[in-house]
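The chain contents come next:
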Amino acid sequence: MATDYDSPRKTDEDINEDSLQELQARRVDKGTSTIDVDPDEVAEGMELPGADLSGEELAVRVLPRQADEFTCSRCFLVHHRSQLAEERKGQLVCKECSA
């Protein structure tokens, strides 16, 4: 079956539905349905930067650098040897930092 690509893709009903007045009415309706949120309730669950975390315990087990890992001399992150891009004057550089 042949398709006529020049024919309008919307029907007359769709065109009337998307009239300017209806679109403006929808926008007004959406604007009146705002939610009243108390900022104090939202802030209760958030931790502020620089907050005192001295009472917190580390929940992750930290392992020392393994034999097949290296510390990048630019970003100071520990990477697997497969991420080693180059060695400059004894300094190891990862692929992300060498790019």
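This text goes with the structure placed above it.
Right, let's walk through the structure included here. Given the structure is predicted, the values throughout are model-derived calculations rather than measurements. (Residues numbered from 1 in each chain as written. Predicted model: local features only at pLDDT ≥ 70, side-chain atom pairs only at ≥ 80, totals over all residues. Heavy atoms only, no water.)

1. Here we look at the pairing of strand β4 (residues 91-94)
Our working definition: A pair of strands counts as paired when DSSP detects no fewer than two bridges linking them. Working definition: helices are DSSP H or I runs of at least four residues, strands are E runs of at least two. Numbering for both runs from the N terminus.
Two strands pair when backbone bridges link them, and strand β3 (residues 84-88) and β4 are joined in this way by 4 bridges, in the antiparallel orientation. Paired with E86 across the strands is V93, a residue of β4. Once β3 ends, the chain turns through 2 residues before running back antiparallel as β4, passing K89 with a positive phi of about 50°.

2. So, unusual backbone geometry
Filter applied, for reference: The buried label applies to any residue whose accessible area, calculated with a 1.4 Å probe on protein chains only, is under 20% of its type's maximum; exposed applies above 50%, and partly exposed to all values in between.
Not every positive phi belongs to a glycine, and F76 is a case in point at roughly 60°. F76 sits in the exposed class, given a relative accessible area of 62%. The phi dihedral of K89 falls on the positive side, at around 50°, and the residue is not glycine. Among the secondary structure elements, K89 is positioned in the loop between β3 and β4.

3. Brief notes about the side chain of H79
Put simply, the rule is: The contact definition used throughout considers only heavy atoms, calling two residues in contact when any of these lie within 4.5 Å.
Here H79 shows up in strand β2 (residues 78-80). In contact with H79, other than residues within four places in its own chain, are D68, E69, F70, C72 and C94.

4. Details of the state of the cysteines
Selection criterion: We call a pair of cysteine sulfur atoms a disulfide whenever their separation is within 2.5 Å.
Scanning all chains against the criterion turns up 0 disulfides. Between C94, a cysteine without a disulfide, and C97, which holds the nearest cysteine sulfur, the sulfur-to-sulfur distance is 3.6 Å.

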